[in-house]
Number of protein chains: 2
Amino acid sequence: MTEFLKLRTAEEAWAVFLNNFKPVVRGEGCRVADGLDRTLAEDVCAPHDLPAFVRSTVDGYAMRAADTFGATAGMPAYLDVIGEAPMGALTKIIVDVGQAVLVHTGGMVPAGADAVVMLEYTNRAGGPLLGAAGQVASGGGFPAFSIEVSRPVAGGENCIQIGEDVRAGQLILEAGRILRPQDLGALLAVGIVEIVAARQPRVAILSQGDEVVAPEQEPGPGQVRDINTYTLSALVRRAGGIPLTYPIAPDRQEALDALARAAFEQADVVVLTAGSSVSYRDLTANTINGLGKPGVLVHGVAVRPGKPTILALCDGKPVFGLPGNPVSCINIFQLFVTPAIRLLLGARPRRPHILQARLARNVPAAAGRADFVRVKLEERDGEIWAVPVFGKSNLINILVRSEGTFPVPLDSNGIPAGTVVTITLD
Amino acid sequence: MTEFLKLRTAEEAWAVFLNNFKPVVRGEGCRVADGLDRTLAEDVCAPHDLPAFVRSTVDGYAMRAADTFGATAGMPAYLDVIGEAPMGALTKIIVDVGQAVLVHTGGMVPAGADAVVMLEYTNRAGGPLLGAAGQVASGGGFPAFSIEVSRPVAGGENCIQIGEDVRAGQLILEAGRILRPQDLGALLAVGIVEIVAARQPRVAILSQGDEVVAPEQEPGPGQVRDINTYTLSALVRRAGGIPLTYPIAPDRQEALDALARAAFEQADVVVLTAGSSVSYRDLTANTINGLGKPGVLVHGVAVRPGKPTILALCDGKPVFGLPGNPVSCINIFQLFVTPAIRLLLGARPRRPHILQARLARNVPAAAGRADFVRVKLEERDGEIWAVPVFGKSNLINILVRSEGTFPVPLDSNGIPAGTVVTITLD
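If you're wondering where the values come from, they're calculated on a predicted model, not measured in any experiment.

(A) Quick look at unusual backbone geometry. Pro305 of chain A follows Arg304 of chain A through a cis peptide bond whose omega is 0°. Tracing the sequence through the fold places Pro305 of chain A in the loop between β19 (303-304) and β20 (310-314). One non-glycine residue, Asn158 of chain B, lies in the positive phi region at around 60°. A positive phi is found at Asp381 of chain B, a non-glycine position, where the angle reads about 50°.

Given below as structure tokens:
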């Protein structure tokens, strides 16, 4: 495989691309309620303390901790219950020495109290009946009854202090964060209902080839249906971009140039899935060089599948030429296009969905190129085995049956069965 | 923590729920182009062979393998190139003994040929000039030139046979498959542009509490903003459902009943995030029991955080009462509501996004309950450590800083630092 020796490795190719690429993250307003999986374009700080009042973390009685010092089951502290703190409203009750107020989980601890004792550690000592759930029976006036507290309560116990969760001005989420469900909650908790999110890059996808027809069309002899437009659109969405699709480009320079120009003007990233023969690759490279400067940066990478790959920058916009073969196309997209989209989002790296598995058979490889091997996973005796999925017929048999990929390094001559490999799951 | 001893474990609770739940997967038409992450409701078989014609996997010459038997560099086989097979069209050329036809990757192998030799293994032996890319120069007539083939070519070499990828009638994707980018490609490749997808369950989310106000509202004294509606909506989307949201329910039986009834009629699953105090939990249980039979199945689970959980089925529809605390709420949602949504989708289990990490500090636990510990991840000397994130102030400090969760089993009294634990990532 000397053909690979002249080519740049994936790392070298990416370095050349990065040296020339100056991504600019553009922000746009986004409702937090619609913010799942969007990327923050700016740091977000808390506009106020959270919580904004002292909150009880339990159902119990707010009181002064000092009133319980030294309390035991044999020598309990006695407190007069003088009222109930309502949920969601200010209580005017002030707790004085020897007094207690019934509070609910999440409720406000009244002024004067500095701790809450759980219902479970109290006994009713006198006064009107309690409801079944420990609640004050309706109609009961206050002071209503006394409670016994059978253990000492520490100051601040079962309370969240003002600003204990977050202080006014504190950074709560940093730019580049890809928003998870709980991140939306954190923003809303401090009243932030709109954020500046990174504008989602629009990624133009152009399938090319005289033999390619739209999927709804019945292919004639020698024709095949376009699938790259749709698999790549789905991968663009997964990466955080917005796919733009175009009619299938024929293998003629002028027609391809015109379609690529339209795509280039509408999109932030252009992906051409090239006709795969040698001559058609030249067609794609010519088209890309016509879009802007510097044009093609890398033509061909030492990666299998995916050798006939083009990385380009045209007047600052990333342009990629991907092989037409669906397996190669997906492999190269994940290697180069997904990271480019993430750079345009300013997204911090995400932990990849990986899994360790034991290789079920020998995987031969040629030194000088990085092989990406698709595998399906099987459990045997509680261990996960990675079964390589090979074959010429690459669509159903490789793509659909496999669950992920592992790389064979450039300098490896193969990996023996039984080796533990790290699979990146689809 | 004897309070937990009377409660059902998560597994027991789920078993009780499953014993009563008879999920029905309902199908609906869905364009394949819009099918990413949708679940197939029916098996899909290939309507025809793929490929539908013999395809070349390389740029080269289609010929009869027998013509090259015994060929060597010193004693090559000579073949007359009689034409070029066009891409995307039927060629009328028939390859006879001693003849060859130029073919491109993905192109149709002409009749009479049974193998393709790569361009790289041929030399031009005579006739008009070849183009730079090895293509036949324009204007060149056929028979144009001869090629030398310096090695024997096996029958079928570099060809994909008709039906080699998939046979007509073969199962290509099974019901329950959650569609990945490449699965969309496989469907389109055989001309399937619409599928029967599982109808996405509509999941009603009702936040409850007199102290809860909408996020855009300025909370008064003792009030907090609603966040569960939004974190749970995002989790519903992640699980494959469609969230339906409602106004915040007050802690009054009639008002809660009315809102829950409306939600119950519109949705396939109802989630109430209950006021968290003891009395309010009774309110929720009463409301649920009023919706249908059998009503509440499980009230309280031996799980922390999330003890005050309700699992119910009302006239066949799942209804859940979740704790109001955001950390508990998310934990219980992932334990019970996500699996219920997946059952309604008929979705096959997905490999969870998990990661092995070494515990950075001792985690105490009480036997008799399952603890779910939130952690952030740190890399030290190339190893990933899980740092438990504890604290009363649970929103920013626990939810936002953490990256995942690991369970401490029911019978454990704690896990020592240094133990390797399996983190489920958010």
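Moving on from the model shown.
(B) Highlighting the relation of the copies chain A and chain B. For the match of chain A to chain B, the screw axis carries a shift of 0.0 Å, the RMSD comes to 0.0 Å, and the turn is 180°. Taken together, the turn and the small shift mark the pair as related by a two-fold rotation axis. In terms of proximity to the rotation axis, the leading residue of chain A is His353 of chain A, whose C-alpha is 2.9 Å off the axis.

(C) Structural detail: helix α3 (residues 228-239) of chain B. Taking 1.5 Å per residue, twelve residues should reach 16 Å; α3 of chain B reaches 16 Å between its end C-alpha atoms and fits that length. Among the twelve residues of α3 of chain B, ten are classified as buried, and the element is accordingly described as predominantly covered. The set of residues buried in α3 of chain B consists of Asn228, Thr229, Tyr230, Thr231, Leu232, Ser233, Ala234, Leu235, Val236 and Ala239 of chain B. Elements in contact with the buried residues of α3 of chain B: α2 (181-189) of chain A together with β13 (202-207), β16 (242-245), β17 (269-273) and α6 (326-345) of chain B.

(D) Representation of the confidence of the model for chain A within the structure. With 92% of its residues at a pLDDT of 70 or more, chain A has an overall mean of 91. Across residues 129-140 of chain A, confidence stays below pLDDT 50; counting only partners more than four residues off in sequence or on other chains, it has 18 contacts.

(E) Summary view of the interface of chain A and chain B. Taken together, the 74 residues of chain A in the interface contact 73 residues of chain B. Among the secondary structure elements, those contributing two or more residues to the side of chain A that touches chain B are β11 (171-173), α2, β15 (224-225), α3 (228-239), α5 (278-291), α6 (326-345) and α7 (395-400) of chain A. A total of eight residues in the side of chain A that touches chain B trace back to one element, the largest contributor, which is α2 of chain A. The residue inventory of the side of chain A that touches chain B, partitioned by class, reads 37 nonpolar, 22 polar and 15 charged.

(F) Here's a closer look at the sheet that holds strand β16 (residues 242-245) of chain A. Residue and element names in this part refer to chain A. Taken in spatial order, the six strands make up an open sheet running β16-β13-β17-β21-β20-β18, and their pairing is mixed. Only two strands of the sheet have a single neighbouring strand rather than two, namely β16 and β18 (294-299). Within this sheet the neighbouring strands show an average axis-to-axis angle of 20°, counted without direction. On top of the sheet, α3 reaches β13 (202-207), β16 and β17 (269-273); it is set at about 165° to β13, its chief contact.

(G) Region of the structure containing helix α1 (residues 10-20) of chain A. Residues and elements named next belong to chain A. All buried positions along α1 are accounted for by Ala10, Ala13 and Phe17. Here the buried residues of α1 occupy an arc of 70° about the axis, which is enough to place them on one side. Seen from the open side of α1, the exposed residues pointing more than 90 degrees away from its buried face are Glu11, Ala15 and Asn19. Packed against the buried residues of α1 are β18, β19, β20, α6 and β24 (370-380).

(H) Highlighting the packing of α3 of chain B against α6 of chain B. All names here are of chain B. In contact at an axis separation of 10 Å, α3 and α6 are set at 30° when each is read in the N-to-C sense. Put simply, α3 runs roughly parallel to α6. In the packing of α3 onto α6, the handedness of the crossing is right-handed. Contacts between α3 and α6 pair Asn228, Thr231, Leu232, Leu235 and Ala239 from the former with Pro326, Cys329, Ile330, Phe333, Thr338, Ile341 and Arg342 from the latter.

(I) Region of interest: the sheet that holds strand β21 (residues 317-322) of chain B. Residues and elements named next belong to chain B. Read from one edge of the open sheet, six strands run β16-β13-β17-β21-β20-β18, paired in mixed fashion. Of all the strands in the sheet, the pair left with one neighbour each is β16 and β18 (294-299). For this sheet, the mean inter-axis angle between neighbouring strands, taken without regard to orientation, is 20°. Pairing between β18 and strand β20 (residues 310-314): five bridges, direction antiparallel. Bridging from a neighbouring strand, Pro294 pairs with Cys314 of β20.

Conventions we followed
- Residues numbered from 1 in each chain as written.
- Chains lettered and ligands numbered in written order.
- Predicted model: local features only at pLDDT ≥ 70, side-chain atom pairs only at ≥ 80, totals over all residues.
- Helix = DSSP H or I, 4+ residues; strand = E, 2+ residues; numbered from the N terminus.
- Least-squares fit on C-alpha atoms with pLDDT ≥ 70 in both.
- Expected span 1.5 Å × (residues − 1).
- Buried ≥ 20, exposed ≤ 12 C-beta atoms within 10 Å, placed from the backbone.
- Contact = placed C-beta atoms within 7 Å.
- pLDDT = per-residue confidence, 0-100.
- Nonpolar A, V, L, I, M, F, W, Y, C, P; charged D, E, K, R; others polar.
- Pairing = 2+ DSSP bridges.
- Axes fitted to C-alpha atoms, helices over the stretch in contact; angles between N-to-C directions.
- Arc of directions from axis to C-beta.
- Parallel < 35°, antiparallel > 145°, perpendicular 65-115°, else oblique.
- Left-handed = near helix turned anticlockwise from the far one by under 90°.

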